[in-house]
Amino acid sequence: MTQLTDIKSLTLPELQSYITGCGFPKFRAAQIHDWLSKGAADFDEMKNLPAAMRAQLKTSCYISVATIEKKQVSRYDKTVKYLFSFRDGECVEAVVMHYHHGESVCISTQVGCKMGCTFCATGKSGFSRSLTASEMLAQIEAAGRDLNVRISNVVLMGMGEPLDNFDNVVRFIELAGDEKGLCIGARHITLSTCGIVPKIYELAQRRLQINLAVSLHAPNDAIRSKTMPIAKAYPMEQLLKACRDYFDATGRRVTFEYSLIHNVNDSDACADELGRKLRGMNCHVNLIPVNAVEGTGYQKSNVQRQQSFANILAGYGVTATVRRTLGSDIDASCGQLRRKHIKEEKDKGGI
Ligand code: SAH
Ligand code: SF4
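How each quantity is defined
- Residues numbered from 1 in each chain as written.
- Chains lettered and ligands numbered in written order.
- Predicted model: local features only at pLDDT ≥ 70, side-chain atom pairs only at ≥ 80, totals over all residues.
- Heavy atoms only, no water.
- Near = heavy atom within 4 Å.
- Nonpolar A, V, L, I, M, F, W, Y, C, P; charged D, E, K, R; others polar.
- Pairing = 2+ DSSP bridges.
- Helix = DSSP H or I, 4+ residues; strand = E, 2+ residues; numbered from the N terminus.
- Axes fitted to C-alpha atoms, helices over the stretch in contact; angles between N-to-C directions.
- Contact = heavy atoms within 4.5 Å.
- Core = buried A, V, L, I, M, F, W, Y, C linked by side-chain atoms within 4.5 Å.
- Buried < 20%, exposed > 50% of the residue type's maximum accessible area, 1.4 Å probe, protein only.
- Parallel < 35°, antiparallel > 145°, perpendicular 65-115°, else oblique.
- Left-handed = near helix turned anticlockwise from the far one by under 90°.

Undergrad: Help me understand the site of ligand 2 in this model?
TA: As a matter of local geometry, ligand 2 sits amid Cys 113, Met 115, Gly 116, Cys 117, Cys 120, Gly 123, Gly 160, Glu 161 and Cys 194. A per-class count over the shell around ligand 2 returns five nonpolar, three polar and one charged.

Undergrad: Looking at this structure, how should I read the sheet that holds strand β13 (residues 283-289)?
TA: Strands pair in a sheet through their backbones, by hydrogen bonds, and they do so in one of two ways: parallel or antiparallel. Here we have 10 strands laid out as an open sheet, ordered β3-β4-β5-β6-β9-β10-β11-β12-β13-β14, and mixed in their pairing. Across the chains shown, the open sheet's two edge strands, defined by having one partner strand only, are β3 (67-73) and β14 (320-322). Averaged over all pairs of adjacent strands, the angle between their axes in this sheet comes to 25°, without regard to strand direction. Here β13 runs beside β14; their pairing, made up of three bridges, is parallel. Across the sheet, Asn 286 pairs through a bridge with Thr 321, a residue of β14. Lying on the sheet, helix α12 (residues 303-315) is in contact with β12 (254-260), β13 and β14; it crosses β13 at an angle near 170°.

Undergrad: Help me out: how do you make sense of the nonpolar core in this one?
TA: Soluble globular proteins: nonpolar side chains tend toward being buried together. Within the largest apolar cluster, 81 residues are counted, with the highest numbers of intra-cluster contacts made by Phe 172 and Phe 256. With sequence-adjacent residues up to four places away left out, Phe 256 is seen in contact with Val 214, Leu 216, Leu 240, Cys 243, Leu 278, Met 281, Cys 283, His 284, Val 285 and Asn 286. Listed in part, the 18 residues of the second largest apolar core include Ile 7, Met 46, Met 53 and Leu 57.

Undergrad: Looking at this structure, I do not really get the packing of helix α11 (residues 268-278) against α12. What am I missing?
TA: How two helices sit against one another is set out by the angle between their axes and by the gap between those axes. Two elements in contact, α11 and α12, have axes separated by 8 Å at closest approach and are oriented at 30°. One finds that α11 runs roughly parallel with respect to α12. The interaxial crossing formed by α11 with α12 has right-handed handedness. Here α11 contributes Asp 268, Cys 270, Ala 271, Asp 272, Leu 274 and Gly 275 to the contact with α12, which in turn contributes Arg 305, Ser 308, Phe 309, Ile 312 and Leu 313. Looking at side-chain class alone, the contact of α11 with α12 contains six nonpolar, two polar and three charged residues.

Coordinates in, geometry out; function isn't part of it.
Put into structure tokens, the structure is as follows:
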């Protein structure tokens, strides 16, 4: 079987060479690009293309779409969670959050994840495949269309490790900025990584204006490697150096994600050690009470603990914000909904 071309993952120059390579005039590429930017899901929608051309494209290309399999709306806030499927039946999650400054969507970059963090529902369900750039775009388009809103910010904090799918993620960032399409500039995109050090350097070289978030979740390697296997490959000292170098190269402040887990990483001593390590660094810490995922045995730290942790960091001049957990009633921690869906299908004898 010949492989179909993922036409929506092509940049305009790539599309031009593809279209001329098929024997069509170059201007057709701009027409197709316009349609794809507007979210066309089928070549038959491209009315200004000759019927024969549409028919030929259908045999050689496909247009990625994200189909809504499930949708959950939080009763507490306007958070909406989607389970999307792609053409091969694989499913990922995305969450739309409503903030004062606009609509933000958290999208997935892989089906599952290889990194195996012990607190994470995605990490617990293994890895299936990486997403293409067009599949990342399709999640944003599908959510925006369904809610009839313009999505202004994107966070790559859904399922998967973005830096383990480097080329497709960088391509996605480039395509998301398309003025005729989503028009979401790099400054409105946040990439979260568990800390694959060489890839942070590679990212710095690209000089993208994205926001970089790094999942720390511990003040030292001993605690970090208990929950994050990646810590064994890249010690914290190397990781923090990569973050400092990232700031030097890009001028972009790094954010650290720190999920507070009761009796694991939330003591005053942990805060103290973290404060000492981050002191003087151009960074911000997001403290997130861990979402208790079934089967992990982890519990959230209480509010007093959260505050005490933040206060100790402040004592070192490290700014920290305790984040609200949005959509706590809708399995909004990524990976939870897909896990549930797979279990339901299995129970039905579906897969
Ligand atoms: N793989 C990337 C991005 C996806 S995970 C990363 O790890 O950074 C997005 C964020 O959610 C990460 O900071 C991750 O540590 C966090 N996370 C995963 N499971 C969580 C849970 N149960 N509770 C709170 N945060 C969680
Ligand atoms: Fe993967 Fe991120 Fe989950 Fe770790 S926290 S398993 S890196 S998705």
